[in-house]
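# Chain and residue survey
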Amino acid sequence: MVEDLWYKNAVIYSLDVDTFLDANGDGIGDLEGLTRQLDYLHSLGVDALWLAPFQPSPNKDNGYDVSDYYGVDPRFGSSGDFVELINQAHKRGMRVIIDLVVNHTSNQHRWFQEARKSQDSPYHNWYVWSKDRPANWNEGMVFPGVQKATWTYDKQAKKYFFHRFFDFQPDLNSNHPEVRAEVRRIIGYWLQLGVAGFRLDAVPFIIETPESGSDKPKQNFELLAEMRQFLQWRKGDAIMLGEANVLPGENRKYFAEGNGIHMMFNFFVNQHLFYALATAEVKPLIKALEATKEIPVTAQWAHFLRNHDELDLGRLTDTQRAKVFERFGPEKRMQLYDRGIRRRLTPMLGNRQQEEMANSLLFSLPGTPVLRYGDEIGMGDNLDLKERAAVRTPMQWSSSKHGGFSEAGQTVHPPIEDQEYGYQKVNVAAQRRDPNSLLNWTARMIRLRKECPEIGYGEWMILPADSPNVLALRYDWRGNSLITIHNFSAEAQSIRIKPGVAGSHTLCNLLVDDESKQDSKGVHKIDLEGYGYRWYRVGGMTHLLHRTRE
Ligand code: MG
């Protein structure tokens with residue numbers, strides 16, 4: 001039964017414990033702080049949290065440099081605090097997904113410290129070494145412009161080690177059976193503590209076999225199948241949500257007909273979505289949706305607007321990317337790694353109507369929406385901070401000191417204080433009281449999304465909308481149909497659509513008291529305001545109440 005697959009119809013909320021709420025007043029967000037705010041997340045309608053890494057770490061890459069996989073960094077609390085978080089989340093029917101960062105470890109991890117000591121160390125081959133400097137030592141960097149190499153000499157080992165990311169993040173050798181067994185132990189450990197799954201960091205790099213001198217490393221997809229099998233033996237409904245920014249077609253290997261990862265972020269659609277937001281031209285977005293349409297029945301796309309990284313535009317053509325830069329990141333300091341924009345959604349778009357349209361679109365795309373903390377209140381960014389830190393500022397709870405994030409004299413991550421997006425103006429407390437706030441709008445949209453299971457479970461198609469600026473989607477599931485329409489242009493549009501499904505003489509608007517009636521040719525003429533959006537149930541109001549069983 002498709003309804004058993006909870007992740008196909010969930011709302012996921014991503015956050016960093018570090019920047020959410022500081023309960024103990026040391027200037028750093030912590031697990032207890034997050035636990036205190038579960039009611040907030042629950043009332044917003046969140047089904048699952050995705051937590052960025054909180055394990056012990058030298059924290060040179062925002063925790064993505066783990067030095068111990070079996071614990072909680074003392075900055076965030078203890079394992080006891082983690083179990084309490086899980087308990088409180090479960091009490092509210094919420095799930096918790098955590099980051100699994102096993103492409104590499106921190107160079108401070110005991111395994112690497114042992115590995116570099118001697119070739120005879122049992123940990124030596126847990127990492128990837130080369131006696132000589134490989135010809136491609138300065139190619140394939142994840143952080144171009146900041147990272148200088150992918151092979152670096154280690155004085156102690158007297159060899160070069162491979163690191164797809166920074167030089168303090170040596171790659172684990174995923175071909176080594178003991179490394180694979182250890183990854184399974186890590187998965188088993190956190191499942192036992194109650195997590196609902198893992199967001200797999202850097203999947204294409206986890207499964208590659210780096211070899212010196214090889215530009216196209218072999219990818220071991222059977223590793224994903226192996227992980228899935230183990231995961232499901234231990235916990236039937238646990239999932240893997242993969243970070244893999246790959247071309248359409250490639251994703252089939254990751255889903256592997258239902259034997260690979262369960263979910264993938266749809267980076268391809270995300271980039272074309274931002275192109276559409278920047279130019280009002282929807283054709284490339286439609287192409288991207290069509291190109292990623294075919295997925296196994298148990299698989300699911302995760303859609304997002306912004307995430308914790310830069311907005312990566314590497315898959316667009318140079319001309320397309322230039323247009324997105326021009327509209328959303330014209331200044332050099334807004335750009336990052338020659339491929340992306342390090343800004344939050346609200347300042348990028350710069351107007352509420354387009355922001356609503358973009359979020360409404362997110363909730364209506366074929367897949368599961370993943371929200372980024374703070375986007376529900378329209379938080380801004382701080383471009384004075386380094387690289388990705390621009391979008392990783394503390395959550396703005398109120399207008400009091402540090403935005404209610406912390407009682408500390410000084411916080412580790414500075415909250416935003418500027419005129420337009422500072423916590424004095426943009427915060428949860430103020431928006432909670434304002435019925436027209438973005439926060440209350442978002443909660444209403446989440447409720448609506450949950451009343452439309454067609455999106456997560458059903459079939460979808462693009463409806464011709466008679467305008468190059470309008471995207472119309474139709475979903476069908478168990479005799480019910482839903483149509484969503486989004487106008488990417490700032491100009492009003494009059495469109496004509498033919499729903500092409502039984503009972504579509506009337507379209508019932510789910511957001512306001514309004515309906516559309518077809519003309520004698522079966523066509524609906526719909527007037528959309530600039531950046532307008534519509535959610536229509538096909539048929540009258542009664543269709544809201546009756547859902548056929550299968
Ligand atoms: Mg703290």
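Of regular secondary structure, the chain possesses 17 helices and 24 strands. Over its C-alpha atoms the chain spans a radius of gyration of 24 Å, differing by no more than 12% from the 24 Å that the globule rule assigns to 550 residues. A total of 550 residues make up the chain; the buried ones form 63% of that total. Sequence separation of 24 or more characterises 67% of the internal contacts of the chain that already satisfy a separation of 6 or more. Distance between charge centres in the chain, computed from 66 positive and 71 negative side chains, equals 2 Å.

For the rest of this paragraph, the subject is the domain arrangement of the chain. What the domain assignment reports for the chain is domain 1 (2-103 + 176-449), domain 2 (110-162) and domain 3 (456-549). Computed over C-alpha atoms, the centres of domain 1 and domain 3 are 30 Å apart. Counting residues at the interface gives 33 residues for domain 1 and 26 residues for domain 3. On inspection of domain 1 and its partner domain 3, the count reaches 1 salt bridge. Note that arginine 478 and glutamate 3 form a salt bridge whose closest N and O atoms lie 3.0 Å from each other. Linking domain 1 with domain 3 are 12 residue pairs in polar contact (both at pLDDT 80 or more). Mapped by element, the contributors of at least two residues to the side of domain 1 that touches domain 3 are helix 9 (267-279), helix 10 (283-291), helix 13 (352-364) and helix 15 (438-450).

On to the coordination of the magnesium ion, then. Octahedral metal centres with six donors ideally show angles of 90 or 180 degrees, and tetrahedral centres with four donors ideally show 109.5 degrees. Coordination of the magnesium ion by the protein involves Asp22 (OD), Asn24 (OD1), Asp26 (OD), Ile28 (O) and Asp30 (OD), with metal-donor separations of 2.2 to 2.3 Å. Positions of the donor residues of the magnesium ion along the chain correspond to the pattern D-x1-N-x1-D-x1-I-x1-D. Judged by its relative accessible area of 4%, aspartate 30 falls in the buried class.

If you walk through the whole model with that rule in mind, you get 31 salt bridges. A salt bridge links glutamate 208 to arginine 164, with the shortest nitrogen-to-oxygen separation between them at 2.9 Å. Taken together, the positions of glutamate 208 in strand 8 (residues 208-209) and arginine 164 in the loop between strand 6 (159-162) and helix 5 (177-192) put the pair 44 residues apart, joining distant regions of the chain. Exposure class is identical for glutamate 208 and arginine 164. Each is buried. Note that arginine 537 and glutamate 454 form a salt bridge whose closest N and O atoms lie 2.2 Å from each other.

Here we come to the pairing of strand 17 (residues 459-462). Here strand 17 shows one buried face, formed by Trp460 and Ile462, and one open face, formed by Glu459 and Met461. Pairing of strand 17 with strand 18 (residues 470-477), which is carried by 4 bridges, proceeds in the antiparallel orientation. For isoleucine 462, the partnering residue across the bridge sits in strand 18 and is leucine 473.

Turning our attention to the environment of phenylalanine 143. With respect to the secondary-structure elements, phenylalanine 143 resides in the loop between strand 4 (129-130) and strand 5 (151-154). Of the residues examined, phenylalanine 143 reaches a relative accessible area of 1% and is grouped as buried. A C-alpha to C-alpha distance of 8.8 Å links phenylalanine 143 and leucine 336, two positions 193 residues apart in sequence. In this structure phenylalanine 143 touches Asp61, Phe165, Phe166, Tyr337 and Arg388, once residues within four positions along its chain are discounted.

A few words now on the sheet that holds strand 11 (residues 263-265). Backbone hydrogen bonds hold the strands of a sheet together, and the pairing may be parallel or antiparallel. Spatially, 1-2-3-7-10-11-12-16 is the arrangement adopted by the 8 strands of the closed barrel, whose pairing is parallel. Sheet twist, expressed as the mean angle between neighbouring strand axes with direction ignored, is 25°. As paired strands, strand 12 (residues 300-304) and strand 16 (residues 368-372) are joined by 3 bridges and run parallel to one another. Note on strand 16: the bridge partner recorded for histidine 303 is proline 369.

Summarising the element assignment, aspartate 381 is placed in the loop between strand 16 and helix 14 (428-433). Look at aspartate 381: it is buried, it has no salt bridge, and the nearest opposite charge is arginine 343 at 4.0 Å. At 2.8 Å, the side chain of aspartate 381 and the backbone nitrogen of arginine 344 are in polar contact. Once residues within four sequence positions are removed from consideration, aspartate 381 is found in contact with Arg343, Arg344, Pro347, Ala390, Val391, Ile416 and Asp418.

Conventions used here
- Residues numbered from 1 in each chain as written.
- Predicted model: local features only at pLDDT ≥ 70, side-chain atom pairs only at ≥ 80, totals over all residues.
- Heavy atoms only, no water.
- Helix = DSSP H or I, 4+ residues; strand = E, 2+ residues; numbered from the N terminus.
- Rg over C-alpha atoms; globule rule 2.2 N^0.38 Å.
- Buried < 20%, exposed > 50% of the residue type's maximum accessible area, 1.4 Å probe, protein only.
- Contact = heavy atoms within 4.5 Å.
- Lys, Arg positive; Asp, Glu negative; His and termini not counted.
- Charge placed at Lys NZ, Arg CZ, Asp CG, Glu CD.
- Domains from an automatic or database assignment.
- Salt bridge = Lys/Arg side-chain N within 4 Å of Asp/Glu carboxyl O.
- Polar contact = N/O pair within 3.5 Å; in protein donor to acceptor, adjacent residues only side chain to side chain.
- Donors = N, O, S within 2.8 Å, 3.2 Å for Na, K, Ca; no water.
- Pairing = 2+ DSSP bridges.
- Axes fitted to C-alpha atoms, helices over the stretch in contact; angles between N-to-C directions.

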